[in-house]
Amino acid sequence: MRSLWLIRRVAMAFITVLVTIIISWALMEYSPESPANTLLNNLRVTEYSNPRLLIEMEQYLNTLRPHGNPVVNALEYIWQILHGNMGLDVISQIPVTKIIATAIPWTIFIVSTSLLISFVIGIRVGQFMGYKRGTKSDSTLTMLFTVIRSIPIYISGALLLFILGYQMRLFPSGGAYSATVQVGLNLPFIESVLYHSILPIATLTLANLGGWALHMRANTIYTLGEDYVTYAELRGITSRQIETKYVGRNALLPLYTSLVIAIGFSFGGSVFVEQIFSYPGIGNLLYYSITNNDYTLEMGIFIILITAVVIGVLLADLTYSLIDPRVKTGD
Amino acid sequence: MSEINTALSVEDLSVVYRTQGVDIAALKDITFNVNDGEIFGIIGESGSGKSTLAKAILRNIKPPGFITGEPRIFCYGRNIISMSQREFREKILWQLISYVPQSSLNSLNGTMRIIDHFYDTATSHGISKEKIREKALELLKMVRLEPEKVAVMYPHQLSGGMRQRVLIALSLLLNPKLVIMDEAVSALDVATQKHILDIIKDLNKSMGITVIFITHDIAIAAYLTHTIMVLYAGEIMEIGKTERIIKSPYHPYSVSLMSSVPSIRGSLEGVRVVKEGYPSRVGCPFNTRCEYTSDICFKNHPELYEINSDYVRCFNYATNKPKGS
Amino acid sequence: MKKINLDINEGESLAIIGESGAGKTTLGRVLVGLQRPDAGEYLYDNINVWKNRRAMKRLRKEVQYIYQDPISSLNPSKTIYESMSFPLRKQGLRGDALRERVSELLKEVGLNAGEVESRYPSQLSGGQLQRVNIARALSVNPRVLIADEPVTMLDASYRIGIIDLLVRLKKERNLTLVFITHDLAISRYLDYRISGVRGIVMYGGIIVERGDLNSLIKNPRHPYSQYLVNSTIDIVNDGELQSVSKSNVENITRAEIGCPYSTHCPFVMEKCKEKEPLLMKIEENREVACYIYGG
Ligand SMILES: Nc1ncnc2c1ncn2[C@@H]1O[C@H](COP(=O)(O)OP(=O)(O)OP(=O)(O)O)[C@@H](O)[C@H]1O
Ligand code: SF4
Ligand SMILES: [Mg+2]
C-alpha cells in the first residue's frame, strides 16, 4: 500500500514539473513575434568561439520555434530540459544552467538562514504568547507582529537599507561580498559574505517572523485546551515536560509542513530583497531577465522556481508521516 | 475534623462558570465525606456537575470556571487545597489521588507511545523508567491488554475501549490510595464493562484502594459502589448506603431515578416515567419535576437533612435536623 | 455484515440486539434503503426496492429512521418549528393548516408546541429533542419506524419516557417497529410494554439467535447470547452474575471464517472454525446458529 502511494505521489510531482515545462514551451512557441526565431537568426550571425555550445543552443531554440509537428517539438524541448540544456543566455551567451547555478547558492544561503532564524524565534515567541494568552505581553506582541507582517517587504527592506546602510553606515549597501577580498575559502572572504548578508537576512527574517509566531501562538492556545494536556497536568507531569512533549510537539507538528513548503516557495520570494540589496541570487536574476526580455534565462528560472515548489510540497508530504505517528500514509 | 478513617472530606465547595459576566453555578455548597476503603459513587444526569466536582478536588478548575467561597478539602488528613501547587503536584497527584478522565478518546498524547505516558508519569515523580516498566506492563495485563504489544503502540492504533483500559491502568501506576474515576466504563461494551468493574472491586478489596466512581449509569453504581451521592443541578440531593438508596431512595429525584431503570431479571412493574424539565432557580431545584411538592418547595431552598446518618435535601424530611447543626 | 435472512411482518415489533460492531446499524440502514446490500435482495411489500424506483420512493417515505444522537439530526440554526414544517410544506401544507399540523404532531409526542416551537435545538433537553425527531418522522405518516439506539445518549430518567412514547405510537398508529439496541434491559422493558416482541441477537455481522424476546433473555441458548445476558450489569443484583470470560487477555480479533464467535466461545469445536453455522430451529420459537445444537 505504502510503496504504491509513494510511487503515485512522486509520479504526480514529476508530472507537475513536466506540465510546467510544457507551459513554458507553449508560451514561447505561441507568442506572436516568435522570440525563438529572432534569437535563432541572431545566433547564426554571431561569431561563436565554442561550436559545441552553438549546436546545443540551436537544438534548444529549434524546439521553441513554431515549425513542424508541435508535439514532436514539445517532446524535444522536454528532452533538452531534462538533460540540463536550457539554452544560452540571450545577452551574455553563457549557458543558462551555468548562470542559474552561480546564483542559486546565494539565494539558498540567505533564504534558508532567514527561514531558520525566523522559524526558531517565531515558534519560541509564539509558544510564549500562547501560554500568556490574554495578558498584556501577549496582546502587545500580537499587535506588533500583525503590524510588521503587513509591511511590504520592499518597504521594510528599503527602510533598513536607508537607516542602517546609508544613514548609520553600519552595513554595506549591497552585493554579496566586497570587491577587495579574494574569492575562496579564506577568512576575509567568509567574513565579508556574512557581513553583506546581514541586512537581506534581517529583512527576510522580519518578514517571516510574525507569521510563524502568530501561527504558533494559535496552535499553542488550541493545544492547551486539549484533553491530553489537562490529563497530563492531572498526572502531575512537570510543566517543563508538558511544555515540550505535550503542548510544544503537538502545536509544532502542523507547522512542519508549512516550513518545508515555505522553503520551496522562498526561492522566488526573495526577488525584492535581492533587488534592493543588489544581492546576486536567483531573485535578482529573475528581475534582470524580465526587464531585459531575456527569454531563455527567464524560462530557465521559471522552471527552476516551480520545481523547487513542487519538491517542497512533495517533501512535506513524504516526510510528515515520519515525524507524526498519527498519519499513516496510504491507509 | 478529619478522622483517620476518612479518605476525603469536602466542605462548602462551590464552583461557577463565568460566561459573559454572568456566573452560572455548577456546584453549590458541596459537603461530603468518603471513607477510607469504600467505593463511593456519584450519580446524576448530564450537566449535574459530576466532572466539575472531580476537577475541583484535583485543583484543576480553570477559567471560565472559578471556585467560590472558602472550601476545605482534606485527603487523608492533609489539607490539599491550601498547600502549594508544587507540593500538590509532587506529593499528592498520582501518589495519593489519581484520576481516570471521562473522555478516553483524546486523553492520550497522539505523538507519544502508550508506554511513554507511563514513563512520563513516573519520571515526573522522581521514579526512573527502568524501575517502573515492569509495573506498567503488569497493569496493562491486568486490564486485559497484551502488555508488550500495546506498550509500543500509539493511541490512534487502539480502539476506544482499549484506550479507556490504558487510562485505568495508568491511574494505578504510583499506588494511589484514592482513585477518582469519571465515567471510566461508559465507553466500553457490556462484557468489558463487567470485567473492568470486577477489577475495580478486586483492587478495592485486596489492596484497600478507595474509589470515587462517577457515573450516570445507575445499574453500574448499584453493582459497584458502597455509598452513593446523588447530584442534581450542582447540588447534593441525597447521600446514603447503596443498598438502601437502590431499594428505598428518600429523595423524590432518587426515587424517579431508581424507578426509571428496567431490569433484565427482576420485575418491571415499578418502572415509571419521570417528568421532564429543567432545574428550577427558585425554591427546590427539583420542583419542576417533582411529584411530592408542597407550597414551600416553590419558595424556599431545602437544606440537607440528616436521617439515620444519611442525608437528603427535601422538605418532606424537614423534621430531621439539617446537616452540620 | 454477512448473509442475513430476515422477514419483518406488518405491524410486528422487532428488537435487534448486539454490541458495537455487530452490524446492527448496517442492517438498519439497509432496511430504510440507505444502503444497498452487496448481494441478495431487499423486498419491501414483496418488491425489490433496488430494482424498482417507485417502490424505493415509497420505502423512503413509509420507513422512517430515528437516530441515536438526537441533536445531530436537527439543523442547529433552525427553530423547531422550521425543522418540523419542512417535510409538511413538501406535502403542500401552508398557513394555518401547516401551523396546526405542526402543533398536532408535537402534541402527539408529548411536547407543548407553544413552549418548544420557537426554540433552537441547543435549548432543548436530549429527551425533548428525541421527541421532536420522532414527531418529524411521523409527519410523513410512516408505516415502519426504525429506531437505532434512540435512548442510548439520553439520561436514565428520560429513557423510559421515550420508550413509552414509541410504544404508544406503535399501538395508536399500528406501526411496525424495529428497535435497535445494545441494552438488554431496555429491550426487555419494550417487550413488557408491547409483548410479543421478536428478538434478534447479532454478532460479527450475522444473526446468532432469534426468538421471542422475553424467553430469549430469560433463557439464551447461543453461547454469545448467554455471555451477553450473564455479563450485563443489572440493577437487580441478586448475586447470580458469573464471569464467563475465559481468556485473561482480550482477543480483539473476530474470526473471518467459520463462526464469528469461535475465537471467544468456551465451547468451540473444530467444526466451528471451518464453516459458518446456519440458523436452525431448535425449539418452538427459537432459532440458533451454533453447532452445539447440531447442524
Ligand atoms: N468550560 C465550561 N464553560 C462553561 N460551562 C461549563 C464548562 N464546563 C462545564 N460547564 C457547565 O457546568 C455544569 C456541570 O458540568 P459537568 O461537566 O461537571 O457535568 P457532568 O455531570 O460531568 O455531565 P456529564 O454527565 O455530561 O459528563 C454544566 O451545566 C456545564 O454546562
Ligand atoms: S423539596 Fe419539594 S420539590 Fe424539592 S424534592 Fe422535596 S418535595 Fe420535591
Ligand atoms: Mg462529566
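Residues numbered from 1 in each chain as written. Chains lettered and ligands numbered in written order. Predicted model: local features only at pLDDT ≥ 70, side-chain atom pairs only at ≥ 80, totals over all residues. Heavy atoms only, no water.

Looking at the arrangement of the chains
- Most contacts, when the two pairs of chains in contact are compared, are made between chains B and C.
- A minimum C-alpha distance of 19 Å separates chain A and chain C, which share no contact. (Contact = heavy atoms within 4.5 Å.)

With respect to the interface of chain B and chain A
- Taken together, the contacts link 28 residues of chain B with 21 residues of chain A.
- With both chains or domains summed, chain B and chain A bury close to 2,200 Å², and 54% of this area falls on carbon and sulfur atoms.
- Together, Asn 106, Thr 111 and Asp 120 of chain B form the three largest contributors to the area buried by chain B at its contact with chain A, with a combined 24%.
- Connecting chain B to chain A are two salt bridges.
- Counting across the chain B and chain A interface gives 14 residue pairs in polar contact (both at pLDDT 80 or more).
- Within the residue set of the side of chain B that touches chain A, elements represented by two or more residues are helix H3 (114-123) and helix H6 (160-171) of chain B.
- Here the side of chain B that touches chain A gets four residues from one element, more than from any other, and that element is H3 of chain B.
- Considering only residue class, the side of chain B that touches chain A consists of 10 nonpolar, 14 polar and four charged. (Buried area = accessible area lost by both parts, 1.4 Å probe. Salt bridge = Lys/Arg side-chain N within 4 Å of Asp/Glu carboxyl O. Polar contact = N/O pair within 3.5 Å; in protein donor to acceptor, adjacent residues only side chain to side chain. Helix = DSSP H or I, 4+ residues; strand = E, 2+ residues; numbered from the N terminus. Nonpolar A, V, L, I, M, F, W, Y, C, P; charged D, E, K, R; others polar.)

Considerations on the site of ligand 1
Residues and elements named next belong to chain B.
- The local shell around ligand 1 consists of Tyr 17, Ala 26, Glu 45, Ser 46, Gly 47, Ser 48, Gly 49, Lys 50, Ser 51, Thr 52, Pro 64 and Gln 102.
- Contacts to ligand 1 include Gly 47, whose backbone N or O atom sits 2.9 Å from an oxygen atom.
- At 2.8 Å from an oxygen atom of ligand 1 is found a side-chain nitrogen or oxygen belonging to Lys 50.
- Alone, ligand 1 offers 630 Å² of accessible surface; in the complex the protein occludes 62% of this.
- Broken down by element, the residue count for the shell around ligand 1 peaks at three residues, all from helix H1 (residues 50-57).
- Here the residues of the shell around ligand 1 sort into three nonpolar, seven polar and two charged. (Near = heavy atom within 4 Å. Areas by Shrake-Rupley, 256 points an atom, 1.4 Å probe, with all protein chains shown as cover.)

Notes on the nonpolar core
- The biggest cluster of nonpolar side chains holds 106 residues, and the ones touching the most others in it are Leu 8, Phe 32, Leu 53, Leu 173 and Phe 213 of chain B.
- No other element matches the seven residues that helix H8 (residues 218-224) of chain B contributes to this core.
- Filtering out sequence-adjacent residues up to four positions away, Leu 173 of chain B remains in contact with Trp 94, Phe 118, Thr 121, Ala 122, Ile 132, Lys 135, Ala 136 and Leu 139 of chain B.
- Membership of the second largest hydrophobic core comes to 66 residues, among which are Val 190 of chain B together with Ala 137, Leu 138 and Ala 185 of chain C. (Core = buried A, V, L, I, M, F, W, Y, C linked by side-chain atoms within 4.5 Å. Buried < 20%, exposed > 50% of the residue type's maximum accessible area, 1.4 Å probe, protein only.)

Some points on the coordination of the magnesium ion (ligand 3)
Residues and elements named next belong to chain B.
- Bound to the magnesium ion (ligand 3) are the protein donor atoms Ser 51 (OG) and Gln 102 (OE1), situated 1.9 to 2.2 Å from the metal. Of this pair, Ser 51 sits in helix H1 while Gln 102 sits in the loop between strand E7 (97-100) and H3; the two residues are 51 residues apart in sequence, bridging distant segments of the chain.
- Relative accessible area serves as the criterion here: at 42%, Gln 102 is assigned to the partly exposed category. (Donors = N, O, S within 2.8 Å, 3.2 Å for Na, K, Ca; no water.)

A look at the side chain of Asn 60 of chain B
- Along the chain, Asn 60 of chain B turns up in the loop between H1 and strand E4 (65-68).
- By relative accessible area, Asn 60 of chain B is classed as buried at 10%.
- Engagement of the side chain of Asn 60 of chain B in a polar contact is seen with the side chain of Glu 233 of chain A, the distance being 3.3 Å.

Side note on the interface of chain B and chain C
- Between chain B and chain C, the contact holds 39 residues from the first and 47 residues from the second.
- Across the interface of chain B and chain C, roughly 3,900 Å² is buried in total on both sides, 58% from carbon and sulfur atoms.
- Considering only the surface of chain B that becomes buried against chain C, Ile 264, Arg 265 and Glu 276 of chain B emerge as the three largest contributors, covering 20% of it.
- Counting every contact that joins chain B to chain C gives two salt bridges.
- At the surface where chain B touches chain C, the tally comes to 13 residue pairs in polar contact (both at pLDDT 80 or more).
- Within the residue set of the side of chain B that touches chain C, elements represented by two or more residues are H6, helix H7 (190-207) and H8 of chain B.
- With six residues, H7 of chain B is the single largest residue contributor to the side of chain B that touches chain C.

Observations regarding the sheet that holds strand E9 (residues 280-283) of chain C
All names here are of chain C.
- Spatial strand order, E4-E5-E6-E1-E7-E8-E10-E9: eight strands in an open sheet with mixed pairing. Single-partner strands in this sheet number two, and they are strand E4 (63-66) and E9. For this sheet, the mean inter-axis angle between neighbouring strands, taken without regard to orientation, is 20 degrees.
- The pairing of E9 with strand E10 (residues 286-288) spans three bridges and is antiparallel. Counterpart to Met 280 in the pairing with E10 is Val 288.
- Against the sheet, helix H7 (residues 156-173) makes contact with strand E1 (13-17), strand E5 (144-148) and strand E6 (176-181), and its axis sits at roughly 160 degrees relative to E6, the strand it touches most. (Pairing = 2+ DSSP bridges. Axes fitted to C-alpha atoms, helices over the stretch in contact; angles between N-to-C directions.)

Let's talk about H7 of chain C
Residue and element names in this part refer to chain C.
- With 18 residues, H7 extends 27 Å from end C-alpha to end C-alpha; this agrees with the ideal 26 Å at 1.5 Å per step.
- With 14 of its 18 residues buried, H7 lies for the most part within the structure.
- At the exit of H7 stands Asn 174, carrying a positive phi of roughly 50 degrees. (Expected span 1.5 Å × (residues − 1).)

Comments concerning the environment of Gly 283 of chain A
All names here are of chain A.
- The residue Gly 283 is located in helix H12 (residues 282-291) in this model.
- Sequence separation of Gly 283 and Gly 268 is 15 residues, and the distance between their C-alpha atoms is 6.0 Å.
- Ignoring any residue separated from it by four or fewer positions in sequence, one finds Gly 283 in contact with Thr 107, Val 271 and Glu 274.

What about the pattern of salt bridges?
- Taken as a whole and assessed by the stated rule, the structure comprises 38 salt bridges over all chains.
- For the salt bridge of Arg 313 of chain B with Glu 235 of chain B, the shortest nitrogen-to-oxygen distance reads 3.5 Å. Note that Arg 313 of chain B is positioned in the segment after strand E13 (310-312) and Glu 235 of chain B in strand E11 (residues 235-241), a separation of 78 residues in sequence.
- Note on Arg 313 of chain B: relative accessible area 7%, which makes it buried.
- Note on Glu 235 of chain B: relative accessible area 2%, which makes it buried.
- Notably, a salt bridge pairs Arg 143 of chain C with Glu 62 of chain C, separated by 2.9 Å at the nearest N-O pair. Here Arg 143 of chain C is found in the loop between helix H6 (126-138) and E5, whereas its partner Glu 62 of chain C is found in helix H2 (residues 53-62), with 81 residues between them in sequence.

Thoughts on the packing of aromatic side chains
- Within the structure shown, the criterion is met by 15 aromatic pairs over all chains.
- Their ring planes at 90 degrees and their centres at 5.9 Å tell us that Trp 106 of chain A and Tyr 279 of chain A sit as a pair that is edge-to-face. You can see Trp 106 of chain A sitting in helix H5 (residues 96-131) and its partner Tyr 279 of chain A sitting in the loop between helix H11 (271-276) and H12, a full 173 residues away along the chain.
- Overall, the relative accessible area of 19% leaves Trp 106 of chain A in the buried class.
- The interplanar angle of 85 degrees and the centroid separation of 5.0 Å between the aromatic rings of Phe 119 of chain A and Trp 212 of chain A together place this pair among those described as edge-to-face. Taken together, the residues Phe 119 of chain A in helix H5 and Trp 212 of chain A in helix H8 (residues 187-224) connect sequence positions 93 residues apart.
- Taking the relative accessible area as the measure of exposure, Phe 119 of chain A reaches 12% and is therefore buried.
- Here the aromatic cluster, defined as three or more aromatic residues joined through ring pairs, consists of Tyr 232, Tyr 253 and Phe 286 of chain B.
- Cation over ring: Arg 235 of chain A sits above Tyr 231 of chain A, and NZ or CZ is 4.7 Å from the ring centre. (Phe/Tyr/Trp six-rings, centres within 6.5 Å; stacked < 30°, edge-to-face > 60°. Lys NZ or Arg CZ within 6 Å of the ring centre and 35° of its normal.)

Observations concerning the layout of surface pockets
Residue and element names in this part refer to chain C.
- When its volume is computed, the second largest pocket comes out at roughly 1,000 Å³.
- Leu 6, Leu 31, Glu 41, Tyr 42 and Leu 43 are, among the 32 residues lining the second largest pocket, the residues nearest its centre.
- Secondary structure elements with two or more residues in the lining of the second largest pocket: helix H1 (24-31), strand E2 (43-44), E5 and E6.
- When the residues that make up the lining of the second largest pocket are grouped by side-chain class, the tally is 16 nonpolar, seven polar and nine charged. (1 Å grid on protein atoms, 1.4 Å probe; cavity = no way out; pocket = protein on both sides within 12 Å on 5 of 7 lines; lining within 4 Å. Points joined across faces, edges and corners; volume = space filled by probe spheres on them.)

Thoughts on the confidence of the model for chain B
- Per-residue pLDDT for chain B averages 90, and the proportion of residues at 70 or more is 97%.
- In the model of chain B, H7 of chain B stands out as the element of lowest mean pLDDT, 87, in contrast to strand E3 (residues 39-43) of chain B, which has the highest, 97. (pLDDT = per-residue confidence, 0-100.)

So, the side chain of Glu 276 of chain B
- By the element assignment, Glu 276 of chain B lies in the loop between helix H10 (252-259) and helix H11 (296-299).
- In terms of polar contacts, Glu 276 of chain B uses its side chain to reach the side chain of Arg 131 of chain C, at 3.0 Å.

Concerning helix H10 (residues 239-269) of chain A
- The end-to-end C-alpha separation of H10 of chain A is 39 Å, well short of the 45 Å expected for 31 residues at 1.5 Å each.
- Roughly 45 degrees is the biggest bend found in H10 of chain A, and it falls at Gly 248 of chain A. (Bend = angle between axes of the 7 residues up to and from the residue.)

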